[in-house]
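The residues making up each chain are set out below.
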Amino acid sequence: MRFLHKIVVSIAVLSVVGSMATASAQHYVGIKGGYGSSDVRLYPAWKTPVELGMLSGGLVWRYYSEPTAAQPALKYTGGISMELQYLQRGYKEETLSNENHTYSRRINTLMLPLIWQPHISMAQERLRLFLNLGVTFNYNLSSTYHTYVTESGETVEKGDYEMLLVRDNRWGYGLCGGLGAEVKLAGRVSLCV
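Position numbers for residues start from 1 in each chain and track the written sequence from start to end. Only residues with pLDDT of at least 70 are given local features in this predicted model, and only at 80 or more are side-chain atom pairs given and counted; all residues enter the totals for whole chains, interfaces and linings. Note that the side-chain values use all heavy atoms of the structure and ignore hydrogens as well as water.

**Quick notes on the confidence of the model for the chain**
Then step 1. Confidence of the prediction at every residue is given by pLDDT, a number between 0 and 100. Residues at a pLDDT of 70 or more form 76% of the chain, whose mean pLDDT is 78.
Then step 2. Under the DSSP-based scheme used, a helix requires at least four consecutive residues in state H or I and a strand at least two consecutive residues in state E, with every element numbered from the N terminus. The lowest-confidence element of the chain is helix H1 (residues 2-19), averaging 49 in pLDDT; the highest-confidence one is strand E10 (residues 127-149), averaging 91.
Then step 3. In what follows, residue pairs with any heavy atoms lying within 4.5 Å of each other are defined as contacts. Counted against residues more than four places away or in other chains, residues 12-23, with its pLDDT under 50, gives 12 contacts.

Structure follows, in structure tokens:
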């Protein structure tokens with residue numbers, strides 16, 4: 001319960017900050033989605049092959065404060081971002097037994113990243129280069145498994161993976177970071193990478 005309480009307080013703080021925005025501050029609401037891959041790297045040196053076909057998507061809210069001009073062509077602005085994402089994570093493991101089998105596992109996750117996002121605007125405010133630093137909270141909704149013959153792809157066994165409290169923690173948290181860019185296309189439409 002303390003964890004949920006912290007999430008609610010964080011959302012309330014972000015809402016208050018957003019409501020105190022000046023006329024030149026900017027609010028963005030959008031959607032994001034993707035298709036990617038996932039793998040696992042465990043200590044000391046075990047790495048699984050890449051598992052393809054992982055889906056992700058969600059809602060994004062961003063708030064940028066009023067810019068401070070260092071030079072007319074280069075402006076620094078601070079911002080915050082909050083997202084509600086659905087994503088698939090997982091791995092596969094090739095096992096050698098009487099037959100060459102591959103075990104694949106997918107975990108469906110709901111994630112809430114809270115991100116500080118300072119950026120620099122360029123090209124008459126049509127291009128933003130930004131840095132993302134933040135924390136993430138997630139909850140694993142469900143999981144599935146699939147065992148198949150590696151060469152033929154023939155299914156040996158598949159189904160829902162039973163998540164048990166003693167071995168599977170549904171709650172998680174972590175740090176996140178990265179670099180990115182945003183290009184304003186037309187009107188209020190922009191593309192982020």
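Right, picking up where we left off after that structure.
**Brief notes about the environment of Asn132**
Then step 1. Positionally, Asn132 belongs in strand E10.
Then step 2. Sequence separation of Asn132 and Gly177 is 45 residues, and the distance between their C-alpha atoms is 4.9 Å.
Then step 3. Ignoring sequence-local partners within four residues, the contact set of Asn132 consists of Ile115, Trp116, Gln117, Cys176, Gly177 and Gly178.
Then step 4. Residues adjacent in sequence count toward polar contacts only when both atoms are side-chain atoms; beyond that, a polar contact is any pair of N or O atoms within 3.5 Å, and within protein one must be able to donate a hydrogen and the other to accept it. For Asn132, the side chain forms a polar contact with the side chain of Gln117, separated by 2.7 Å.

**Points about the pairing of strand E13 (residues 189-192)**
Then step 1. Strands were regarded as paired on the criterion that DSSP finds at least two bridges between them. For strand E12 (residues 171-186) and E13, the ladder comprises 4 bridges, and the chain directions are antiparallel. Counted as the bridge partner of Ala186 is Val189 from E13.
Then step 2. Once E12 ends, the chain turns through 2 residues before running back antiparallel as E13, passing Gly187 with a positive phi of about 60 degrees.

**Quick notes on the pattern of salt bridges**
Then step 1. We count a salt bridge whenever a side-chain nitrogen from Lys or Arg sits within 4 Å of a carboxyl oxygen from Asp or Glu. Per the counting criterion, the structure on display carries 2 salt bridges.
Then step 2. Here Lys32 ties to Glu83 by a salt bridge, and the two come within 3.0 Å at their closest N and O atoms. Here Lys32 is found in strand E1 (residues 26-38), whereas its partner Glu83 is found in strand E7 (residues 79-96), with 51 residues between them in sequence.
Then step 3. Exposure categories follow from relative accessible area, calculated using a 1.4 Å probe and restricted to protein chains: below 20% of the type maximum is buried, above 50% is exposed, and the middle band is partly exposed. Take Lys32: its relative accessible area is 39%, and that puts it in the partly exposed class.
Then step 4. The buried category is assigned to Glu83, whose relative accessible area is 5%.
Then step 5. Residue Arg128 is joined to Glu182 by a salt bridge in which the shortest nitrogen-to-oxygen separation is 3.4 Å.

**Section: the pairing of E10**
Then step 1. As defined by bridge partners, strand E8 (residues 100-116) adjoins E10 across 16 bridges and the pair is classed as antiparallel. Residue pairing across strands places Met111 opposite Asn138, the latter belonging to E10.
Then step 2. For strand E9 (residues 119-122) and E10, the ladder comprises 4 bridges, and the chain directions are antiparallel. Considered in E10, the bridge of Met122 is made with Leu127.
Then step 3. Linking E9 back to E10 in an antiparallel pair, the connection comprises 4 residues, with Ala123 at a positive phi of about 55 degrees.
Then step 4. Sheet topology note: the E10/E12 ladder contains 13 bridges and is antiparallel.

**Re the nonpolar core**
What tends to happen in soluble globular proteins is that the nonpolar side chains get buried as a cluster.
Then step 1. To form a nonpolar core, buried Ala, Val, Leu, Ile, Met, Phe, Trp, Tyr and Cys residues must be joined to one another through side-chain atoms within 4.5 Å. With 7 residues, the main nonpolar core is built from Trp61, Tyr63, Ile80, Met82, Leu112, Leu114 and Phe137.
Then step 2. Mapped onto this core, the elements with two or more residues apiece are strand E4 (51-64), E7 and E8.

**Some thoughts on the side chain of Asp168**
Then step 1. Here Asp168 shows up in the loop between strand E11 (155-160) and E12.
Then step 2. For Asp168, a relative accessible area of 12% translates into the label buried.
Then step 3. Polar side-chain contacts of Asp168 include one of 3.3 Å to the side chain of Tyr161.
Then step 4. Those residues in contact with Asp168 that lie beyond four places of it in its chain are Arg105, Tyr161, Glu162 and Met163.

**Observations regarding a nonpolar patch on the surface**
Then step 1. A cluster of nonpolar side chains, namely Ile31, Leu59, Leu84, Tyr86, Leu110 and Leu141, defines an oily patch on the protein surface of about 570 Å² accessible area.
Then step 2. Tracing the backbone through its elements, the reader meets Leu110 in strand E8.
Then step 3. Residue classification places Leu110 among the partly exposed positions, given a relative accessible area of 36%. For patch building, the residue pool is restricted to those with more than 30% relative accessible area and no salt bridge; the joining distance is 9 Å between like charges and 5 Å between nonpolar side chains (Val, Leu, Ile, Met, Phe, Trp, Tyr). What sets the accessible areas is the Shrake-Rupley method with a 1.4 Å probe; for residues, cover comes only from the shown protein chains.

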